[in-house]
Amino acid sequence: MLERFHLEVLAAIKEQGTLTQAAESLNLSQSALSHSIKKLEGQLKTPVWQKEGRNLRLTNAGEQVLTLANRVLPQFKHTEHLLRQIATGEMGSLRIGMECHPCYQWLLKVIEPYLEKWPNVDIDVKQEFQFGGLGALYSYEIDILVTPDPLYKPNLTFIPVFDYEHRLVVASSHSLATQDSVMPDELNEEVLFSYPVEPERLDIYSQFLNPAKCSVKKHKTIETTEIMLQMVAAGRGVCALPGWLVDEFAKHMAIKSLRFGKHGIKKQIFLGVRKGEEQIHYLSDFIALAQNVR
């Protein structure tokens, strides 16, 4: 009963608002479009839209069909894109969404050898999906999601690529710098710098401070890793970052990292993909490269 064409029509009606504009966007005549929908309404025995002057408003039935269209049409387009790539021998682009601010330095180490091996694949890193990439993966706006906090959902697969320890970063001159680890109450008078993320999504809160019912004196956000670490090195506050990243910057900055508590905060970086697509050759090769880069 329902066909892809019907989904495209209702999506166009919702987006364009009028029958004329919807027909133009689909390169159809108004009569052909209207006739197809009347036939569908006859089969459904209920209208899918109502006229309000020149505009059209979807009925409850129409909204249900639109919900299906929003879910299915991106999958059609994505699969057709992959089939065209297979037919022409081209690979197109690999769109990566980031939910890990400090992972860019690591990602660069993966991208360099990948581009050499796959010269026909373009890399596009979607920064706007920071800390909200799950929806983008579902809606086919990205192909891979880099995240330290996977949310296991139907039709998605999260592949671990490397382990690391989340650590507190202080200036070399800080009073805590003589210690190997830090306890929650020792941060009560500290200024904490972090990326612009909700506190509940920061490990230093969720896994360290909040369970001990402790906090910091002040919390400030900074967007770039380099500026954040410069502020820490200058003694303006502390921050929490992956240990591997701190080790790199500590080679030329006066900073030191400490373990959180006795056991530390152990983390992993995951690559999230849609189920089945991890078998696509150029995508699976990216995953394999990522698993061997530290």
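If you look the chain up in an unreviewed UniProt entry, it shows as HTH-type transcriptional regulator MetR from Oceanimonas doudoroffii. In its Subcellular location (unreviewed entry) section, the UniProt record describing the chain reads: "Cytoplasm".

Colleague: Mind showing me how you'd approach the overall build of the chain here?
Modeller: Scanning the chain from terminus to terminus reveals 10 helices and 12 strands. On C-alpha atoms alone, the chain measures out to a radius of gyration of 25 Å, which is more than a quarter above the 19 Å that the 2.2 N^0.38 rule sets for 294 residues. Taking the principal axes of the C-alpha coordinates as reference, the chain spans close to 80 × 45 × 30 Å. In the chain, buried positions account for 47% of the 294 residues. Residue pairs at least 24 apart in sequence account for 73% of intrachain contacts in the chain once pairs closer than 6 positions are excluded.

Colleague: Got a minute to help me understand the packing of aromatic side chains in this structure?
Modeller: The description of two aromatic rings rests on the distance between their centres and on the angle between their planes. Taken as a whole, this structure holds eight aromatic pairs when the rule is applied. Aromatic ring contacts, followed pair by pair, group W106, F162, Y164 and W244 into a single cluster. Lying across the ring of Y140, R274 places its NZ or CZ 4.0 Å from the centre.

Colleague: I would appreciate a short explanation of the packing of helix α1 (residues 4-16) against helix α3 (residues 30-44) in the present structure.
Modeller: Two packed helices can be described by the angle between their axes and the distance between those axes. Axis separation between α1 and α3 bottoms out at 11 Å; the angle between their running directions is 115 degrees. Taken as axis vectors, α1 and α3 run roughly perpendicular relative to one another. The interaxial crossing formed by α1 with α3 has left-handed handedness. Mapping the contact onto sequence places F5, H6, V9 and L10 in α1 and L33, S36, I37 and L40 in α3.

Colleague: Can you walk me through the UniProt feature "domain: HTH lysR-type" (unreviewed entry) in the chain in this structure?
Modeller: Within the UniProt annotation, "domain: HTH lysR-type" (unreviewed entry) is assigned to residues 1-59. Helix makes up 59% of residues 1-59 and strand 14%, and the two end C-alpha atoms of the span are 18 Å apart.

Colleague: I tried to follow the pattern of salt bridges on my own but got confused; where do I start?
Modeller: For side chains of opposite charge, pairing can occur when their charged atoms come near one another. Inspection of every chain in the model, using the stated rule, returns 14 salt bridges. Here E248 makes a salt bridge to K109, at a shortest N to O gap of 2.9 Å. A residue pair is termed long-range when its members are at least 10 positions apart, and E248 in helix α9 (residues 243-249) and K109 in helix α5 (residues 104-117) qualify at 139 residues. Taking relative accessible area as the criterion, E248 reaches 26% and is therefore assigned partly exposed. By relative accessible area, K109 is classed as partly exposed at 33%. Because the salt bridges share partners, they merge into one network encompassing R95, D143, R274 and E277.

Colleague: Hey, could you run me through the nonpolar core in this one?
Modeller: What tends to happen in soluble globular proteins is that the nonpolar side chains get buried as a cluster. Grouped together as the largest cluster of nonpolar side chains are 65 residues, with contacts concentrated most on W106, V146, L168, L187, I204, L271 and F286. The element that contributes the greatest number of residues to this core is strand β6 (residues 156-171), accounting for seven residues. Looking at this core, you find at least three residues from each of domain 2 (90-161 + 269-292) and domain 3 (163-267). If we ignore the near neighbours within four places in the chain, the residues touching L187 are L168, L176, V182, I204, F208, L209, S215, V216 and K217. Listed in part, the 19 residues of the second largest apolar core include A23, L33, V48 and W49.

Rules used in this analysis
- Residues numbered from 1 in each chain as written.
- Predicted model: local features only at pLDDT ≥ 70, side-chain atom pairs only at ≥ 80, totals over all residues.
- Heavy atoms only, no water.
- UniProt positions renumbered as here; feature names shortened; annotations may be inferred.
- Helix = DSSP H or I, 4+ residues; strand = E, 2+ residues; numbered from the N terminus.
- Rg over C-alpha atoms; globule rule 2.2 N^0.38 Å.
- Buried < 20%, exposed > 50% of the residue type's maximum accessible area, 1.4 Å probe, protein only.
- Contact = heavy atoms within 4.5 Å.
- Phe/Tyr/Trp six-rings, centres within 6.5 Å; stacked < 30°, edge-to-face > 60°.
- Lys NZ or Arg CZ within 6 Å of the ring centre and 35° of its normal.
- Axes fitted to C-alpha atoms, helices over the stretch in contact; angles between N-to-C directions.
- Parallel < 35°, antiparallel > 145°, perpendicular 65-115°, else oblique.
- Left-handed = near helix turned anticlockwise from the far one by under 90°.
- Salt bridge = Lys/Arg side-chain N within 4 Å of Asp/Glu carboxyl O.
- Core = buried A, V, L, I, M, F, W, Y, C linked by side-chain atoms within 4.5 Å.
- Domains from an automatic or database assignment.

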